[in-house]
Amino acid sequence: MFSLFKKKERMPDLPVPEDFSFLGADMHSHLCAGIDDGAPDLETSLELIRSLKSLGYQRLITTPHVLPGIHNNNTETITTAYHRLRDFLTQHEPEMHLGVAAEYFLDNEFLTSILPQGLLCFGAEKFVLVEVSMAGWPRQFEDIIFSVQANGYTPILAHPERYLFEGDMQKYAGLKEKGVLLQMNLLSILGYYGKGVQQLASLYLEHKLYDFAGTDLHHVRHAAQLKRLATEQPAIMARLGAYEGWRNSSLIQ
Ligand SMILES: [Fe+2]
């Protein structure tokens, strides 16, 4: 939905989306109850899902953390929690289309113990959401990415703008040339994670590096900030709405 009456500031000729329905689908969130640092219980899951629905989303692919030692999830723990959530939603929010994958933390353990078991993926291209440490690239990063691809998956690197150790756009351009897709957190460009992250998000967006936008929704505070973005930041919303690189809507079934 677009309103021509909210336009202002430096992009007077661009329509301003009122919500995120121009994306339609979200592919990064922590909505399953009690298995990571996202929703602690099903009531909170429902509250978060309703907030995303009110922001214009019609399909949600939720992505619990797989981070050995901190969030010890695997395909079984995630699918069990997902089925509980889906059953709960059937009673309370039957129209929301839910899907599940994971957010895999890339390290050497990923290569030796996680990848060989098979990954939770989504979409026709077997997308797999991956993240790396905020402290630096893992050793063998290129090998890990190559192995993911060799197993038939398409990696999507979550929130590159949050990796402040790497501000070189050429690095990301090179990854894209190798078939790695990039996902921006919507809250990054709002400034939620700080000025440096916001500036990188803006820069990467300007250079058309992004393929997906994700909420990375963990809790109600994130939901409130997403609403703030949609309702109080028309210039940013205009930029996001005008960007032609988003592939989110391709995930709507
Ligand atoms: Fe996440």
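Residues numbered from 1 in each chain as written. Predicted model: local features only at pLDDT ≥ 70, side-chain atom pairs only at ≥ 80, totals over all residues. Heavy atoms only, no water.

Colleague: Is there a simple way to explain the overall build of the protein chain in this structure?
Modeller: A count of helices and strands for the protein chain gives nine helices and eleven strands. Here the C-alpha radius of gyration of the protein chain, 18 Å, is about what a compact globule of 253 residues would show, namely 18 Å. Going through the 253 residues of the protein chain one by one, you find that 55% of them count as buried. Within the protein chain, residue pairs in contact and separated by at least 24 positions form 78% of the contacts whose partners lie at least 6 positions apart. Of the roughly 11200 Å² of accessible surface on the protein chain, a fraction of 50% belongs to carbon and sulfur atoms. Between the centroid of the 22 positive side chains of the protein chain and the centroid of its 30 negative side chains there is a distance of 5 Å. (Helix = DSSP H or I, 4+ residues; strand = E, 2+ residues; numbered from the N terminus. Rg over C-alpha atoms; globule rule 2.2 N^0.38 Å. Buried < 20%, exposed > 50% of the residue type's maximum accessible area, 1.4 Å probe, protein only. Contact = heavy atoms within 4.5 Å. Areas by Shrake-Rupley, 256 points an atom, 1.4 Å probe, with all protein chains shown as cover. Lys, Arg positive; Asp, Glu negative; His and termini not counted. Charge placed at Lys NZ, Arg CZ, Asp CG, Glu CD.)

Colleague: Even after reading the chapter, I still don't get the nonpolar core, so can you show me in this structure?
Modeller: Most often, soluble globular proteins have nonpolar side chains that are buried together. Phe20, Tyr104, Leu186, Leu240 and Trp246 are the most contacted members of the largest nonpolar core, which has 87 residues in total. Among the elements that line this core, the one with the most residues is helix α2 (residues 75-92), at six residues. Those residues in contact with Leu186 that sit more than four places away from it in its chain are Phe20, Leu23, Tyr57, Ala213, Gly214, Thr215, Leu226, Leu229 and Leu240. (Core = buried A, V, L, I, M, F, W, Y, C linked by side-chain atoms within 4.5 Å.)

Colleague: Can you walk me through the sheet that holds strand β11 (residues 212-214) in this structure?
Modeller: Picture the strands of a sheet paired through backbone hydrogen bonds; they go either parallel or antiparallel. One open sheet holds the six strands; their spatial order is β5-β7-β8-β9-β10-β11, and the pairing between them is parallel. A strand with exactly one partner marks an edge of an open sheet, and here the two such strands are β5 (65-66) and β11. Here four bridges tie strand β8 (residues 127-131) to strand β9 (residues 154-158), and the two strands are oriented parallel to one another. Bridge pairing in β9 places Val128 opposite Pro155. (Pairing = 2+ DSSP bridges.)

Colleague: Explain the side chain of Gln198 to me, please; I cannot follow it from the model alone.
Modeller: Locating Gln198 in the fold gives a position in helix α7 (residues 195-206). Setting aside its immediate chain neighbours within four residues, Gln198 contacts Ser188, Ile189, Leu190 and Gly191.

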